[in-house]
Amino acid sequence: MTHIRKAVFPVAGMGTRFLPATKSIPKEMLTLVDRPLIQYAVDEAREAGIEEFIFVSAAGKGALEDYFDTAALLEHRLREKGKTAALDALARSHMPEGALTILRQAQPLGLGHAVRQARHLIGNESFAVLLPDDVIMGAPGALKQMVQAHARVGGHMVATLEVPRADTASYGVLDVAQQQGRIAHARGMVEKPAPEAAPSTQAVVGRYILESAIFDRLAALTPGAGGELQLTDAINADVDAIGVTGYRFAGERFDCGSVQGYVQATAAYAMARSDLGGPFADFVNQRAGAQQLAA
């Protein structure tokens, strides 16, 4: 049994980069092939042993709650028609009773503020945070890799990937004190440093394992970058008392908070499917060849 049983999913964002689609559809419900973004995050958490799922949501996100509810009439009709494959596909969206809790973030005051909402549900346990915008393709999933590593080192742990130095200004970046395989013991993190000032090229992406002590830090936070309560600031405040590590996961990360990353992820997941990959690759190659000829 895993020592990490609970996970927080901040899902209150407006998704303005995907307008007009997100005018009526939560961005977490945009689909990669035939599953919404939120399903990929939940599946990764389940694989890692998560049993309790906490969504920090906002007004207008009712579709997320509906998605994980039972669709009794639909399932009845599918059974009547013997559509077992469709019923099996629906099973991914089922949550055991009591496993899902929806919290409302009344104001968009940052990731630190969103995580802080879950304090009374987490209690004194270590817990995970998953940002559904960051879709990570890999087996085992990134969070399972982190849970296994966290069982050895403890403290606060963040997922990292190597990025070109020119891109550090788009990420939180780890200040590495010592590297041991995939684990980097850190002095802290620097939020969006200029390339010439970045302490490393290990960028932090949307997976965290945090000790419950983080809630005391979050409670004492004052607004940081962008006038928001930054989770990075709270983690940095615990470097000496708790310890902070970065875990360089094995897998490929797609930034599905951007249109470009979302399109790339859609292509990658389609090509990875045994029933879609071959025809889709042929289509892409034909289109690319046609464009080259036209140019």
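Remember, predicted model here, so these are calculated numbers, not experimental data.

Thresholds, definitions, all that
Throughout, a residue's number is its position along its own chain's written sequence, starting from 1. Since the coordinates come from a predicted model, pLDDT governs what is reported: local features require at least 70, and pairs of side-chain atoms require 80 or more to be given and counted, while whole-chain, interface and lining totals use all residues. Think of the side-chain values as coming from all heavy atoms in the structure, minus any hydrogens and water. Going along the chain from the N terminus, every DSSP run of H or I of four or more residues is numbered as a helix, and every run of E of two or more is numbered as a strand. For the radius of gyration, the atom set is restricted to C-alpha positions; the globular benchmark scales as 2.2 Å times the number of residues to the power 0.38. Note on contacts: a residue pair is in contact if any heavy atoms of the two residues lie within 4.5 Å. For the area figures, the Shrake-Rupley method with a 1.4 Å probe applies, and any residue is considered shielded solely by the protein chains shown. Positive charges come from Lys and Arg alone, negative charges from Asp and Glu alone, with His and the N- and C-terminal ends not counted. By convention, charge coordinates are those of NZ in Lys, CZ in Arg, CG in Asp, or CD in Glu. Each aromatic pair joins two rings of Phe, Tyr and Trp (for Trp, the six-membered one) with centres within 6.5 Å, and gets the label stacked for planes under 30 degrees apart, edge-to-face for over 60, and tilted for any other angle. Each residue is placed in one exposure class: buried if its accessible area under a 1.4 Å probe, protein chains only, is under 20% of its type's maximum, exposed if it is over 50%, and partly exposed if it falls in between. Two limits define a charge over a ring: the Lys NZ or Arg CZ must be within 6 Å of the ring centre, and within 35 degrees of the ring normal. Confidence of the prediction at every residue is given by pLDDT, a number between 0 and 100. One less than the number of residues in a helix, times 1.5 Å, gives the span that helix is expected to have. An axis is simply a line fitted to the C-alpha atoms; with a helix, the fit covers only the stretch in contact. Between two such axes, the angle follows the N-to-C directions and lies from 0 to 180 degrees. Any angle that is under 35 degrees is reported as roughly parallel, and any over 145 degrees as roughly antiparallel; angles of 65 to 115 degrees are reported as roughly perpendicular and all others as oblique. Residue polarity is assigned by list, with Asp, Glu, Lys and Arg as charged and Ala, Val, Leu, Ile, Met, Phe, Trp, Tyr, Cys and Pro as nonpolar; anything else, Gly included, falls into the polar class.

Trainee: Just to check I follow, could you spell out the overall build of the chain for this structure?
Mentor: Helix and strand counts for the chain come out as eleven helices and 13 strands. Against the globule reference of 19 Å for 295 residues, the chain gives a C-alpha radius of gyration of 20 Å, in line with a compact fold. On the principal axes, the C-alpha backbone points of the chain span a range of 60 × 55 × 35 Å. Summarising the internal contacts of the chain: among those between residues at least 6 apart in sequence, 75% fall at separations of at least 24. Per element, the accessible surface of the chain, about 14,500 Å² overall, is 51% carbon and sulfur. Between the centroid of the 28 positive side chains of the chain and the centroid of its 32 negative side chains there is a distance of 2 Å.

Trainee: How should I be thinking about the side chain of E75 in this particular structure?
Mentor: As for its placement among the helices and strands, E75 is situated in helix α3 (residues 72-80). Residues in contact with E75, not counting those within four places in the same chain, are T70, L87, L90 and H94.

Trainee: Just checking my understanding: could you explain the packing of aromatic side chains for this structure?
Mentor: For any pair of aromatic rings, the description consists of the separation of the ring centres together with the inter-plane angle of the planes. Throughout the structure, instances matching the rule amount to eight aromatic pairs. Ring centres of F9 and F53 lie 6.0 Å apart, and the angle between their planes is 25°; this geometry places the pair in the stacked category. With F9 in strand β1 (residues 6-10) and F53 in strand β4 (residues 52-57), the pair connects residues that are 44 residues apart, well separated along the chain. In this structure, F9 and F53 share a single accessibility class: buried. Between F18 and Y262 the ring centres are 5.5 Å apart and the planes differ by 85°, which places this aromatic pair in the edge-to-face class. Taken together, the residues F18 in the loop between β1 and β2 (31-32) and Y262 in helix α10 (residues 259-272) connect sequence positions 244 residues apart. Classification of F18 as buried rests on a relative accessible area of 10%. Across from the ring centre of Y40, 4.0 Å away, lies the NZ or CZ of R35, which sits over that ring.

Trainee: Can you help me understand the confidence of the model for the chain in this one?
Mentor: A low pLDDT score tells you not to read the predicted coordinates there in detail. Chain-level statistics for the chain give a pLDDT mean of 91 and a share of 99% at 70 or above. Within the chain, helix α11 (residues 277-294) has the poorest average pLDDT of any element, 84, and strand β6 (residues 127-130) the best, 98.

Trainee: Can you walk me through helix α7 (residues 142-153) in this structure?
Mentor: Here α7 is twelve residues long and its end C-alpha atoms lie 16 Å apart, about the 16 Å a rise of 1.5 Å per residue gives. Of the residues making up α7, those classed as buried are A142, L143, Q145, M146, V147, A149 and H150. Just downstream of α7, G154 is the residue with a positive phi angle, here 65°.

Trainee: Help me understand the packing of α3 against helix α4 (residues 84-91) in this model?
Mentor: In contact at an axis separation of 8 Å, α3 and α4 are set at 150° when each is read in the N-to-C sense. Accordingly, the angle class assigned to the pair α3 and α4 is roughly antiparallel. On the side of α3, the interface is formed by L74, E75, L78 and R79, while α4 contributes A86, L87 and L90. A breakdown of the residues in the contact of α3 with α4 according to their chemical character gives five nonpolar, no polar and two charged.

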